[in-house]
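# Report on the structure
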Amino acid sequence: MRVIYAVINLLILGGALFLFARKPVLRMFRDRREEIARQLRRSEEGLAAAQEEESAIARLREENQKAVNALQEDMEKAAAIQEAGLRKETQEELTALEEDLKQELEGMRLDMLRDAERAALRKLASMARQAFSQEPFASEFRRTEPEIAQAIMGCMHISPGDRVYLKQHDVLYVTLSSAYPLEESLAERIQQAVLELVGREGGKTSYRVQVDPELIGGLRLRIGDTVYDGTVANVLWNLSSLAKRRYLKAEMDLAALRENLAAAVDRLSAQVDVYQLGRVLSISDGICWMDGLADSMYGELVEFENGERGMILSVEPSRIASVVFGPCEHIRELSRVRRLGWMADVPVGESLLGRVVDPLGNPLDGRGGIRSREYRPVESPAPTILERKSVSVPLQTGVKAVDALIPIGRGQRELIIGDRQTGKTALAVDTILNQRGKNVICIYVAVGQKETTVAGIMNTLRKSGAMEYTTIVCADAYQSAPMRYVAPYAGTAMGEYFMRRGRDVLIVYDDLSKHAVAYREMSLLLHRPSGREAYPGDVFYLHSRLLERAARLSPEAGGGSMTALPIIETQAGDISAYIPTNVISITDGQIFLESDLFREGQRPAVNVGLSVSRVGGTAQTAVMRQVAGR
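Residues numbered from 1 in each chain as written. Predicted model: local features only at pLDDT ≥ 70, side-chain atom pairs only at ≥ 80, totals over all residues. Heavy atoms only, no water.

### Concerning the overall build of the protein chain
Tallying secondary structure elements over the protein chain gives 16 helices and 20 strands in all. By residue count, 44% of the 630 residues in the protein chain fall in the buried class. For the protein chain, the proportion of contacts with a sequence separation of at least 24, taken over those separated by at least 6, is 75%. For the protein chain, the exposed area adds up to about 33100 Å²; of that, 55% sits on carbon and sulfur atoms. (Helix = DSSP H or I, 4+ residues; strand = E, 2+ residues; numbered from the N terminus. Buried < 20%, exposed > 50% of the residue type's maximum accessible area, 1.4 Å probe, protein only. Contact = heavy atoms within 4.5 Å. Areas by Shrake-Rupley, 256 points an atom, 1.4 Å probe, with all protein chains shown as cover.)

If you want it as structure tokens, here you go:
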């Protein structure tokens, strides 16, 4: 029974527990089931998000791989393009280097030919001295002395300078020279002809006969300053003089050179030259004072005994002054000076393009001599009014501020003026660079510049391909004042060659301030009176006769043009100084570069208030005039 009661109690307790605990238990299970369901949903959502992220990562990986592949392809293409460009640039550099080397080798070969020619002339002179000092050559040549004497007497005259000397001193000094002792009858016959010639002028003579073995053979008669030369020494001198100017063809060899020398000997063997001799009185600082040479002209060349040449720049009643182009340490007082009979000139032509030369036309770039057939005088008259044509064709600088506001025409003279380090040379060089492909020949004249500056400009032009149509005339700051003085005129002569043949030329003078200083130095050494700022009174004419040679020619006169861009350096922006005002009044406008604008970063530093072009819109294209006119 006890067991039955226990079971009944247990059932009652279980029923009570079921009645009272059923809802909480059910609620607990329901909550647990919902929690498990929520966790399952979260797990499913996380799995779905992970799958989406994995898909996104896969897409990103695919996109990145595509980007990497594209970048790799672009890099390969860029590397190929760069490699092709480098290969092309390297090939161009190798081609240019090969061309420069070829030209340098060709120049070296021509220089060797010239050296061989000079050596042959020296050998010829030595052989001539030995040959004519021995028999039978000496006797054969002495038999020609009467013929030479007859030729000399046939061309004797009293020059204007000797006539003036004869009126002042009433006596004329006469010297008859020969390589061997002359027969008395021949010397007396020449003396009688001289006495009759001088007697007609009412004067007397001091006659002297001398033997000079240096003449090698022949006769030389000197009446006052005039020399009648029929000697072998004069023939050799003529040969050496021609050798300095002879054109050597590229295909010429030593055999052809020997034939040319033989032909020159045949042409010069039988002639009597008439020239004048003077005497060195003093020389210092590149200025040589001489007497004699009374018939010489301003700008004429003379040659000293040591082979150096000079140009006459002062003619006074009792003496003549010449500037010496080369070193003057070996010129001695009382040594002889020979009048050459022609004006100072320079080689011109296509062979000067791409070269760097000095004011005498001698090469400075180490690429051999200048192969030129033609020469032009450094001083020549400016084109006349009838030969000129109005300026109407633009010459574009490539600088919009200049081409729009201050246009430059072909044949115009436009001054570039400003203080130092304001971009004057840069503007001129940019103008030269802009002429590429426009059929314009450019000449850059460096006066008083540093050699490094000129070398930098040459490298800039060469890298840009502008040296193909450019010639640089360099008279650096270390050269003498005569070389700096003649440089602008030499560059203008080179440009006139092309202008007279219908070509367009641009010439830059950098700069004329230093040119005026060189002329002032020469003038003070020539004892000329100084004026304002110690410049001589003709300093205006110095630049006016230079810049007037720039013009545009009419078709009848050739149809070419020469545009001049002179550069003047001012002090503290003072454009009212002596030289700036002179050049401003000569030119057709000026481009004023101001220091303050340059320091502010304006490039080019053009002061539009003080800059002007007197040609104006005439030198602009219709489109540029329409846009810039507003």
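Having seen the model, we can carry on.
### Considerations on a nonpolar patch on the surface
Residues Met 1, Ile 4, Tyr 5, Ile 8 and Ile 12 make up a contiguous nonpolar surface patch of about 550 Å² in total accessible area. With respect to the helices, strands and loops of the structure, Ile 4 is situated in helix H1 (residues 2-132). (Patch = residues over 30% accessible without salt bridge, like charges linked within 9 Å, V, L, I, M, F, W, Y side chains within 5 Å. Salt bridge = Lys/Arg side-chain N within 4 Å of Asp/Glu carboxyl O.)

### Quick word on the packing of aromatic side chains
Overall, the coordinates contain four aromatic pairs when judged by the stated rule. Judged by centre distance (5.6 Å) and plane angle (55 degrees), the ring pair of Tyr 485 and Tyr 489 falls under tilted. Highlighted residues: Tyr 485 and Tyr 489, both in helix H11 (residues 481-499), separated by four residues, approximately one helical turn. Given the relative accessible area of 1%, Tyr 485 is considered buried. Under the relative-accessibility criterion, Tyr 489 is labelled buried at 0%. Pairwise contacts between aromatic rings join Tyr 485, Tyr 489 and Tyr 519 into one cluster. (Phe/Tyr/Trp six-rings, centres within 6.5 Å; stacked < 30°, edge-to-face > 60°.)

### As for helix H5 (residues 184-199)
In this model, H5 (16 residues) spans 22 Å end to end at C-alpha, consistent with the 22 Å of a helix rising 1.5 Å per residue. Looking only at H5, the buried set comprises Leu 186, Ala 187, Ile 190, Ala 193, Val 194, Leu 197 and Val 198. Projected down its long axis, H5 shows its buried positions confined to an angular sector of 130 degrees, all on one face. Looking at the buried residues of H5, the elements they touch are helix H3 (145-154), helix H4 (160-169), strand S1 (171-178), strand S2 (204-211) and strand S3 (218-223). (Expected span 1.5 Å × (residues − 1). Arc of directions from axis to C-beta.)

### Quick word on the pattern of salt bridges
For the structure on display, the rule yields 24 salt bridges. Notably, a salt bridge pairs Glu 303 with Arg 309, separated by 3.0 Å at the nearest N-O pair. You can call Glu 303 buried: its relative accessible area is 9%. For the salt bridge of Glu 548 with Arg 388, the shortest nitrogen-to-oxygen distance reads 3.5 Å. You can see Glu 548 sitting in the loop between helix H13 (539-547) and strand S18 (561-569) and its partner Arg 388 sitting in the loop between strand S13 (374-377) and helix H8 (400-405), a full 160 residues away along the chain. Residues participating in the shared-partner salt-bridge network are Arg 388, Arg 413, Glu 548 and Asp 588.

### Side note on the environment of Ile 586
Turning to its location among the elements, Ile 586 is positioned in helix H14 (residues 578-586). In this structure Ile 586 comes out as buried when scored by relative accessible area, which is 6%. Setting aside chain neighbours within four positions, we find Ile 586 in contact with Arg 413, Phe 540, His 543, Ser 544 and Leu 547.

### Focus on H4
Looking at H4, one finds that the buried residues are Gly 161, Asp 162 and Leu 166. Along H4, the residues classed as buried sweep out an arc of 135 degrees about the axis, all on the same side. Those residues of H4 that are exposed and aimed more than 90 degrees away from the buried face are Pro 160, Lys 167 and Gln 168. In this structure, the buried residues of H4 make contact with S1, H5, S2, S3 and strand S4 (226-231).

### Describing the state of the cysteines
All told, the structure shown has zero disulfides when counted by the stated rule. Lacking any disulfide linkage, Cys 288 is separated from the closest cysteine sulfur, that of Cys 328, by 8.6 Å. (Disulfide = S-S within 2.5 Å.)

### Considerations on the side chain of His 515
Tracing the chain through its elements places His 515 in helix H12 (residues 512-525). When neighbours within four sequence positions are excluded, His 515 is seen to be in contact with Val 447, Arg 484, Tyr 485, Pro 488, Tyr 489, Leu 542 and His 543.

### Points about the sheet that holds strand S17 (residues 504-510)
Taken together, the eight strands give an open sheet; going across it, the order is S12-S16-S15-S17-S18-S14-S19-S20, and neighbouring strands pair in mixed fashion. Looking at strand neighbours, the two that pair on one side only are strand S12 (356-357) and strand S20 (612-613), the edges of this open sheet. As judged from the four bridges shared by strand S14 (residues 415-418) and strand S19 (residues 589-593), these two strands associate in the parallel manner. Directly across from Gly 418, in S19, lies its bridge partner Leu 593. Lying over the sheet, H11 contacts S12, strand S15 (440-447), strand S16 (470-475), S17 and S18, oriented at roughly 175 degrees with respect to S15. Against the sheet, H12 engages S15, S17 and S18, with an angle of about 75 degrees to S18. (Pairing = 2+ DSSP bridges. Axes fitted to C-alpha atoms, helices over the stretch in contact; angles between N-to-C directions.)

### Focus: the pairing of strand S7 (residues 300-304)
Where burial is concerned, most of S7 is hidden: five out of the five residues are buried. A two-sided burial pattern is seen for S7, the buried positions comprising Glu 300, Val 302 and Phe 304 on one face and Leu 301 and Glu 303 on the other. Pairing analysis gives three bridges linking S7 to strand S8 (residues 309-315), with the strands arranged antiparallel. Its bridge partner lying in S8, Leu 301 is registered against Met 311. In this structure, the hairpin formed by S7 and S8 is closed by a connection of four residues, where Gly 307 is found at a positive phi of approximately 95 degrees.

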